[in-house]
Amino acid sequence: MDEHAFWYMTRSAGFVAYLLLFASVVFGLTMTTSFIQRLVPRYRVYDLHRFLSLLTLSVTVFHVLIVLPDGFFGFTLRELLVPFASPYEPFFMGLGSFSLYFMAIAIGAFYLRPLVSYSLWRTLHYTTFAVFVLAVVHGVGAGTDTGATWATWLYAVTGLVVFNLVVWRVFWGRSHGIVSKPAETPAPQRSAGIAPSAEFADNL
Amino acid sequence: MKFKRQGGLKAGILAMTLGLLAVFFGVVKSEPGISAGSEPTPTLTATPTTQPTTSNSRIPQRQATPTQGQTTPPQATPAMRQAHTRTRAS
């Protein structure tokens, strides 16, 4: 096994987690559009959105923990989990920690939906945007591949896509009464288990 | 049934994720300047994990002052000695 295998693994997992996060955010932003609905039924998009989010969290946790056996830094679990406790780039690593925690909150909100009010759920779900911004800044600031051309393009293209989608979604949402008009709280669908109600999905 | 059909798609996403991990593993491994020297860059930029601290850096360090009874007179300079001689002579 390569001497630096763990180091390569944490770096590659960081990029994959970032791309999965990007895909999940894009899914979330576009799932209510007619374009996506024509391709895939909404309940499937919602299910995939949640699946992608869980996969993102899993790969992110892998990205964090796989660096522990790496011998170069000798990171401790505390240094990785406590924000700004890292000896390497403490500020940017701290942002990465916050990104992980906010991601856990946003994903937890999927399951809290039947228990909390719609506005609280929505607020919790909006932490996803903070997660994405924090992940970008963490990747650019703490990533050792940031200087590589492909990494620069990757951050630039994904960042621009999400930024444009957010701007578009805000205007689109306003024109469809989503931003200004909070939705009614849907009844939890115990029988379906996974699929949200139609009106709930409408207002995601 | 509807959701079971998604199983294949999810398995595909999972397989794609593993494939991406492998691809990025190869990419970062071949990144020039990082793997070439067999030492990853962070070792160059990382700050030491633990600094040996023998004193609390938040407390300003005072110059050592002699305690009472241990005072030693300042070393006389040649100018002082000359002035002293002149005083005695007058």
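Rules and cut-offs
- Within each chain, residue numbers correspond to sequence positions counted from 1 in written order.
- The order in which chains are written sets their letters, starting at A; the order in which ligands are written sets their numbers, starting at 1.
- Given that this is a predicted model, residues contribute local features only at a pLDDT of at least 70 and side-chain atom pairs are listed and counted only at 80 or more, while totals for whole chains, interfaces and linings are drawn from all residues.
- Secondary structure elements are defined from DSSP: runs of H or I of at least 4 residues count as helices, runs of E of at least 2 residues count as strands, and each element is numbered from the N terminus.
- Neighbour density around each residue's C-beta defines its exposure: 20 or more other C-beta atoms within 10 Å make it buried, 12 or fewer make it exposed, and counts between make it partly exposed, where C-beta atoms are placed from the backbone.
- Once C-beta atoms are placed from the backbone, any two residues with those atoms within 7 Å are in contact.
- Every residue gets a pLDDT, meaning the predictor's confidence in that residue, from 0 to 100.
- For our purposes the nonpolar core covers buried Ala, Val, Leu, Ile, Met, Phe, Trp, Tyr and Cys residues that link as a set through C-beta atoms within 7 Å.

Let's shift gears to the overall build of chain A. Within chain A, the regular secondary structure consists of eight helices and zero strands. When the elements of chain A are put in sequence order from the N terminus, they spell out α-α-α-α-α-α-α-α. Counting all 204 residues of chain A, 34% fall into the buried class. Looking at chain A alone, contacts between residues at least 24 apart form 64% of all its contacts between residues at least 6 apart.

When helices and strands are counted, chain B shows three helices and zero strands. Looking at chain B as a whole, 7% of its 90 residues qualify as buried.

Within chain A, residue pLDDT values average 83, and 84% of them lie at 70 or more. Throughout residues 179-204 of chain A the model reports pLDDT below 50, and contacts reaching past four residues in sequence, or to other chains, amount to 34 contacts.

Attention shifts here to unusual backbone geometry. All names here are of chain A. We note that F84 has phi near 70°; this positive angle belongs to a residue other than glycine. For F84, the position within the fold is in the loop between α4 (77-81) and α5 (90-112). The class for F84 is partly exposed, based on 14 C-beta atoms found within 10 Å. Despite not being glycine, E89 shows a phi value in the positive range, around 40°.

Let's shift gears to the nonpolar core. When a protein is soluble and globular, its nonpolar side chains tend to lie buried together. Core analysis: the biggest nonpolar cluster contains 37 residues, and V16, A17, L20, L21, M103, V131 and A135 of chain A have the highest contact counts within it. Elements represented by at least two residues in this core include exactly α1 (5-30), α3 (42-65), α5, α6 (118-142) and α7 (149-175) of chain A together with α1 (6-29) of chain B. For this core, the leading source of residues is α1 of chain A, giving 14 residues. If we skip the residues at most four places from it in the chain, A17 of chain A touches T56, V59, T60 and H63 of chain A.

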